[in-house]
Amino acid sequence: MKRLLAGLLPLLLVACASVPPQRPLDLHAEARALASRQLNTPGLMAAEHRFGLSDQASAAWTPDRLTVAAWYFDPRLAYARAAATRRAADATLAAQRTNPTLKLSPEKAFSGLTSGSPWTMGISLLVPLLHPGETAARRDVAAADTQAAHDQSALAIWQSRTRALRALRGVLLTRRAEKLASAATLDWRAYLQGIRQRVQAGADARSNELMAQLDLQRAQAALADRHVQRHRAEQALANALGLPWGTLAKARLKWPGLDTPPAPSALPPAALAEDAAWNRLDLSVLLARYRASQARLRLATGTRFPAMAVAPGYIYDRGTRNFSFGVDLELPLFHGAGARIQAAAAARDEAAAAVRDRQMHILNALDAARSDYAGRYAAWQQLKAAAATASDAARRARRLRAAGQISSNTALSAKVAASTARLAADDALGRTLGALGRLEDVLQRPIWPATRLTHMPTSPSSSAASANEATHAHRY
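Scoring rules and cut-offs
- Residues numbered from 1 in each chain as written.
- Predicted model: local features only at pLDDT ≥ 70, side-chain atom pairs only at ≥ 80, totals over all residues.
- Heavy atoms only, no water.
- Patch = residues over 30% accessible without salt bridge, like charges linked within 9 Å, V, L, I, M, F, W, Y side chains within 5 Å.
- Areas by Shrake-Rupley, 256 points an atom, 1.4 Å probe, with all protein chains shown as cover.
- Salt bridge = Lys/Arg side-chain N within 4 Å of Asp/Glu carboxyl O.
- Helix = DSSP H or I, 4+ residues; strand = E, 2+ residues; numbered from the N terminus.
- Buried < 20%, exposed > 50% of the residue type's maximum accessible area, 1.4 Å probe, protein only.
- Axes fitted to C-alpha atoms, helices over the stretch in contact; angles between N-to-C directions.
- Parallel < 35°, antiparallel > 145°, perpendicular 65-115°, else oblique.
- Contact = heavy atoms within 4.5 Å.
- Nonpolar A, V, L, I, M, F, W, Y, C, P; charged D, E, K, R; others polar.
- Pairing = 2+ DSSP bridges.
- Expected span 1.5 Å × (residues − 1).
- Polar contact = N/O pair within 3.5 Å; in protein donor to acceptor, adjacent residues only side chain to side chain.
- pLDDT = per-residue confidence, 0-100.
- Phe/Tyr/Trp six-rings, centres within 6.5 Å; stacked < 30°, edge-to-face > 60°.
- Lys NZ or Arg CZ within 6 Å of the ring centre and 35° of its normal.

J.: Just to check I follow, could you spell out a nonpolar patch on the surface for this structure?
T.: Together, L129, M308, F325, V327, L329, L331, L333 and F334 make up a nonpolar patch on the protein surface, roughly 930 Å² of accessible area in all. Along the chain, the position of V327 falls in strand β4 (residues 320-329). Judged by its relative accessible area of 47%, V327 falls in the partly exposed class.

J.: Whenever I open this one, the packing of helix α5 (residues 75-95) against helix α6 (residues 134-200) confuses me. Can you help?
T.: In helix packing, the relevant descriptors are the interaxial angle and the interaxial distance, both defined with respect to the helix axes. In contact at an axis separation of 8 Å, α5 and α6 are set at 175° when each is read in the N-to-C sense. One way to sum up the angle between α5 and α6 is to call them roughly antiparallel. Packed against α5, whose contacting residues are R76, L77, A80, R81, A84, R87, A88, A91, A94 and A95, the element α6 presents R138, A142, D145, T146, A149, Q152, S153, A156, I157, S160 and R163 at the interface. Across the contact of α5 with α6, the residue classes break down as eleven nonpolar, four polar and six charged.

J.: Just checking my understanding: could you explain the pairing of strand β3 (residues 308-317) for this structure?
T.: One face of the sheet, then the other: side chains in a regular strand alternate in exactly this way. Examined bridge by bridge, strand β2 (residues 119-128) and β3 share seven bridges and lie antiparallel to one another. Looking across to β3, one finds that T120 is bridged to D317. When β3 meets β4, the two strands line up antiparallel, connected through ten bridges. Bridge pairing links A309 to D328 in β4.

J.: Mind showing me how you'd approach helix α7 (residues 206-241) here?
T.: Along an α-helix, residues three or four positions apart point the same way, because every turn accommodates 3.6 residues. Between its first and last C-alpha atoms α7 spans 53 Å; for 36 residues at 1.5 Å apiece the expected length is 52 Å, and the two agree. When α7 is considered as a whole, its buried residues turn out to be E209, A212, L216, A219, R226, R230, A233, E234, L237, A238, A240 and L241. Contacts from the buried residues of α7 go to α4 (63-73), α5, α6, α8 (245-248) and α12 (408-443). Where α7 terminates, the next one or two residues include G242, which has phi positive at roughly 75°.

J.: What exactly am I supposed to notice about the sheet that holds β3 here?
T.: Think of a sheet as strands paired side by side through backbone hydrogen bonds, with each pair either parallel or antiparallel. Strand order in this open sheet of four strands is β1-β2-β3-β4, and the pairing throughout is antiparallel. Sheet topology places β1 (101-108) and β4 at the edges, where each strand pairs with a single neighbour. Adjacent strand axes in the sheet meet at a mean angle of 15°, parallel and antiparallel pairs treated alike.

J.: I would appreciate a short explanation of α5 in the present structure.
T.: Here α5 spans 30 Å end to end across 21 residues, near enough to the 30 Å set by a 1.5 Å rise per residue. All of the buried residues along α5 are L77, A78, A80, R81, A83, A84, A88 and A91. At the N-terminal end of α5, a side-chain oxygen is found 3.1 Å from the backbone nitrogen of R76, two or three residues along, and the residue is D74.

J.: Any chance you could explain the confidence of the model for the protein chain here in plain terms?
T.: When pLDDT is low, close inspection of the predicted coordinates is not appropriate. Predicted confidence across the protein chain gives a mean pLDDT of 88, with 91% of residues reaching 70 or more. Taken element by element, the predicted model of the protein chain shows its lowest mean pLDDT in helix α13 (residues 463-473) (37) and its highest in α7 (96).

J.: Explain the packing of aromatic side chains to me, please; I cannot follow it from the model alone.
T.: To describe a pair of aromatic rings, you give the distance between the ring centres and the angle between the ring planes. Taken as a whole and assessed by the stated rule, the structure comprises seven aromatic pairs. An angle of 85° between the planes, with centres 5.9 Å apart, marks the rings of W188 and Y191 as edge-to-face. One end of the pair is W188 and the other is Y191, both in helix α6 and three residues apart, which spans about a single turn. For W188, a relative accessible area of 17% corresponds to the buried category. Its relative accessible area of 17% is what places Y191 among the buried residues. A network of ring pairs unites the aromatic residues Y373, Y377 and W380 as a single cluster. Looking at R65, its charged tip hangs above the ring of W61, at a distance of 3.7 Å from the centre.

J.: How should the pattern of salt bridges be read in this particular structure?
T.: A pair can form between side chains of opposite charge whenever their charged atoms are brought close. In total, this model carries 26 salt bridges according to the counting rule given. For E440, the salt bridge goes to R161, with nearest N and O atoms at 3.2 Å. Of this pair, E440 sits in helix α12 while R161 is found in helix α6, placing the two residues 279 residues apart along the sequence. Overall, the relative accessible area of 2% leaves R161 in the buried class. In this structure, D282 and R358 form a salt bridge, with 2.9 Å as the shortest nitrogen-oxygen distance. With D282 in helix α10 (residues 281-302) and R358 in helix α11 (residues 338-402), the pair connects residues that are 76 residues apart, well separated along the chain. Note on R358: relative accessible area 26%, which makes it partly exposed. Counted as one network, the salt bridges with shared partners bring together R175, E178, R230 and E234.

J.: Honestly, the environment of Q382 in this entry has me stumped. Any pointers?
T.: With respect to the element layout, Q382 can be found in helix α11. Given the relative accessible area of 59%, Q382 is considered exposed. The sequence separation of Q382 and A428 amounts to 46 residues, and the corresponding C-alpha distance is 9.5 Å.

So this is what it looks like as C-alpha cells:
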C-alpha cells in the first residue's frame, strides 16, 4: 500500500496547475486611473515610436497618431482582445481529450480467514479510446476557433480606427462649420442693420426689415445648433479614444488634405469588389466558423462507432497476483449517432449560409456606398463651385461699393450670400467625407488618407500579425 501511494504521488503532482492570483476590481481606483490618462504617457510615446510616428505630445495629432492613441487607450479594444484570448483558450480546452481514470478497490477480510494476507487490492486504468479521425478533427476545430478569435480581435482593431477617424473628422468639420456659421450670423446682423437704416430713411419697406430679422434669428439658432454639434463631436472623440475630454481640449488636431478627398473615378470598381468580397475580417471570422463546423461534423460522424474504453488492471487477492483487462462499450439502445450527425450537418449548412449572406450583404453595401459617395462628391463639387462664384461676386460687390457704384445693402446681400454658400459647401464636404468613411468601412481597408501604419489589419492573412502589433502597442 505504501509503495502504491508513493507511485501515485508523482502523478498527482503532475496534474497540479498554477492558479492565477486574484485581481479584485476597485471601481474608485479604476475611475481615477481613467480620469488621469494623458497623451504624453510614456507607453503611448513608445508605441508611436514603434510605428515610426512623432512621439511628441506637442506635435499635431494627425489621423495616424490618433489611431495609435485609440489602440493604446480604447477600453473596447482591450475588452475585445480579452474576449479573443478567452475564445482561443476555450478552443484549446475543447481540443483536449479525456484523461484516463485510475480505479482503486481495496478490500480486507475481517473474519473467516485462517491464513494468508487479509487484503484484496484491485487497480485498473480506464483509458477512453478515440473515434477514427477524432484527433485530427479536434485539432482542426481548435485551429479554426483560434483563427476566428484572432480575426475577431483584428476586426476590433479596425473598428477602433474607424471610430477614431470618424470622431476626428467630426471635430474638425464641426469646428470649422461653427466658425462659418458665426461669420454668417455677423453678416446677417450687418444686413439687418442696413435694412433698418433704409427703413428709417423711408427707402425700404417695414416687411423687409421683419424678413431680415427672421433670417438673423434663423442664423443665430443655426449657430447655437453648430455649437452643440461641436461639443457632441468633441465628446465622441474622447469616447473613441478612451480619454477624458479635458486631456484632448488643448491637443492640436490636424488632418492634412481634409478638403481634397479622392475623386470616385480614382477608386476602381473591380478592385473594390475584390477587396470587399474576399478580404473583410468579419467574412474571415465567418469562414473560420464554417471550418470549425466542418470539423465538428467530422467529430459527429465518428460517433457512428460505439464509444469504447479499455481498462487494464492488476488484482492482488490474498497473496495471489492477477492481471485483468476490461473493455467498456457504449450500447446504442436508446439512440444512435443519426441525430448528432444531423445537428452537426445543420450547423455546417447554417455557417455556410452565413458566409454567403455576408458576401451578398457586402457586395450590396459596396454598390450603395460607392453610389452614395459618387453622388455626394458631385453635389459637393457643385456647391463648392457655387461658393467660389458667390465669393467672387461678394468681392466684386465690395469693390463696386467702394467706388460708389452700388448701395451698401446690395454689397451686404452679396456678402451674406457668399457666407451662406461657404457654409452649405462645407456641409456638403462633411457629407462627402462621411460617405467616403462608410465606403472605407465596407471595404475594411484604408483608402484615404494614406496611412503610415503598415501593420493595419486589412486581410485575413495579416490579421494575426496585426492583432499582435496592436497588443504590443497597447498597454492598459
